[in-house]
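Single-letter residue listing:
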Amino acid sequence: MNLDHIPMLDHHAHAIFLEAHWREAPLESYFTEAYDPDVLKHHTPHGIFYRRSVRELAEFYGCEPERGALDAARQSVDYLDVSRRMIREAKIDTVLLDDGLLLGQLMSVTESDSLLPWNARRILRLEVELAGLVSQFDQVSDLLDAFETHLRQVAPTLAGLKSVIAYRTGLAIERWEPGEVQAAYDALKRTLKAGELPRLTSKPLLDTALLLALRVARDVNLPVQFHTGYGDPDLDLRLANPLHLRPLFEDPELRGLSVVMLHCYPYTREAGYLASVYPGAFLDLSLSIPFLSQHGMRTHVHEALHLSPLSKLLFATDASRTPELFYLGARWGRRMLGEVLDDTVRVGDLTASEAEDAAVMILRGNALALYPAPA
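What you see as residue numbers is a count from 1 along each chain, following the sequence as written. With the structure being a predicted model, the display of local features is reserved for residues of pLDDT at least 70 and the display and counting of side-chain atom pairs for 80 or more, all residues being used for whole-chain, interface and lining totals. Excluding hydrogens and water, the side-chain values take into account all heavy atoms of the structure.

> Whenever I open this one, the packing of aromatic side chains confuses me. Can you help?
Pairs of aromatic rings are described using the distance from one ring centre to the other and the angle between the two planes. Aromatic rings from Phe, Tyr and Trp, with only the six-membered ring used for Trp, were paired whenever their centres fell within 6.5 Å, and each pair was classed as stacked if the ring planes differed by under 30 degrees, edge-to-face if by over 60, and tilted otherwise. For the structure shown, the criterion picks out 10 aromatic pairs. Where Phe60 meets Tyr61, the ring centres are 5.2 Å apart and the plane angle is 85 degrees; that geometry is what we call edge-to-face. When the ring of Tyr230 is compared with that of Tyr265, the centres are 6.5 Å apart and the planes differ by 85 degrees; the resulting orientation is edge-to-face. Here the residue Tyr230 occupies a position in the loop between strand 5 (224–228) and helix 12 (246–250), and Tyr265 occupies one in the loop between strand 6 (259–263) and helix 13 (268–277), the gap between them amounting to 35 residues. Each residue is assigned to one of three classes by its accessible area relative to the maximum for its type, calculated with a 1.4 Å probe on protein chains only: buried under 20%, partly exposed between the two thresholds, exposed over 50%. Here Tyr230 falls in the partly exposed class, since its relative accessible area comes to 22%. Helical segments are the DSSP runs of H or I of at least four residues, strand segments are the runs of E of at least two, and each set is numbered from the N terminus.

Here is the structure:
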């Protein structure tokens, strides 16, 4: 199936660099979740994703598929012009941007919406928003009250919420006594440096704030995205298994909450199971597309379809920093989804008409139904 005609609603991504940062960033950094200089220099260029992408980007820029030629071609272009062209060719008409990454280095959501050829909306990253309030309060109860008030005030401007608690303390969320949370907060306050945004890693504080935010999200009907599965070395992959989220889906106080399990790989089957049995569980296919080999990407999509209803699957690019990742992610997302849906028709799981409907659902329809329309 050729799915190029279907415009994509990219429900999970990050903004692109401001131009000066884009021109300085090494090409290798876009094709790995590693950040160790030795890995970037000596090993990333031998990855399948890197090798495949160099050839694709060389074709786009009209240069030889060689690193030096590609660097020269990239430096010679008008940054905004090439960004707009890539987004148009990716056929992304709407993007939901988590703006809690690389603060000050990426375009704002407003800039992304006004300068680039799509509609851009904001996803609020909970841990960063909470960190911005910490310096103002000595009592954790006051902090949490202010956090809840803030979330309810900004909710009408948002497309959703996002948690990276998997990176901090893991997805096994616990309930803590108020005294335990205050003690943890006191310990955090003793380590604060004036003028610095703290990176919160206190499990009692993060778990308590997250449960509060989930109740707000349920009340105001905002989906909550959770990073699950594959990520950079800051992540303990064992703690990022989406099965840890089961108590949230079982919690009667959170009935009606919609949770989007981002990425999922290598826990795709586990996420598919959750999506098949809990009404509020949704499965995202991003990041492994386009980071894996073609076989790996195809397998990831196949496994998502094993149990998950078609109405629970969403595709995103999870692109960040460079427009090239939007371009590559959208191309490979459509290609892999088309190939897998072809297989479902060939073996009789879906009819051709059902597969065509599924493609529209996964690339945009399910996201349109899940995320609120702009106020």
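Now that the structure is up, let's keep going.
> Looking at this structure, I do not really get the packing of helix 3 (residues 48–61) against helix 4 (residues 67–76). What am I missing?
Helix-helix packing: each pair is described by the crossing angle between the helix axes and the interaxial distance. Axis geometry follows a simple rule: fit a line to the C-alpha atoms, using only the stretch in contact for helices, then measure angles between N-to-C directions, giving values from 0 to 180 degrees. The interhelical angle for the contact between helix 3 and helix 4, taken along N-to-C directions, is 45 degrees, at an axis separation of 10 Å. The angle between helix 3 and helix 4 falls in the class oblique. Where helix 3 crosses over helix 4, the handedness of that crossing is left-handed. Of the residues in helix 4, those touching helix 3 at Tyr50, Val54, Leu57, Ala58 and Tyr61 are Arg67, Leu70, Ala73 and Arg74. An angle below 35 degrees is read as roughly parallel, one above 145 as roughly antiparallel, one from 65 to 115 as roughly perpendicular, and any other as oblique. Two helices that cross are described as forming a left-handed crossing if the nearer one is turned anticlockwise from the farther one by less than a right angle, and a right-handed crossing if clockwise. Two residues form a contact once any of their heavy atoms are found within 4.5 Å.

> Help me understand unusual backbone geometry, please; the structure alone is not making it clear to me.
With glycine set apart, most residues show a phi of negative sign, and most peptide bonds adopt trans. In this model, Tyr265 is joined to Pro266 through a cis peptide bond whose omega is 5 degrees. Here Pro266 shows up in the loop between strand 6 and helix 13. A cis amide bond, omega 15 degrees, links Ile289 with the succeeding residue Pro290. Secondary-structure assignment places Pro290 in helix 14 (residues 288–291). At Leu102, a position not held by glycine, the phi torsion is positive, near 50 degrees. Relative to the elements of secondary structure, Leu102 occurs in the loop between strand 2 (92–98) and helix 6 (109–115). On the accessibility criterion, Leu102 (30% relative accessible area) is partly exposed.

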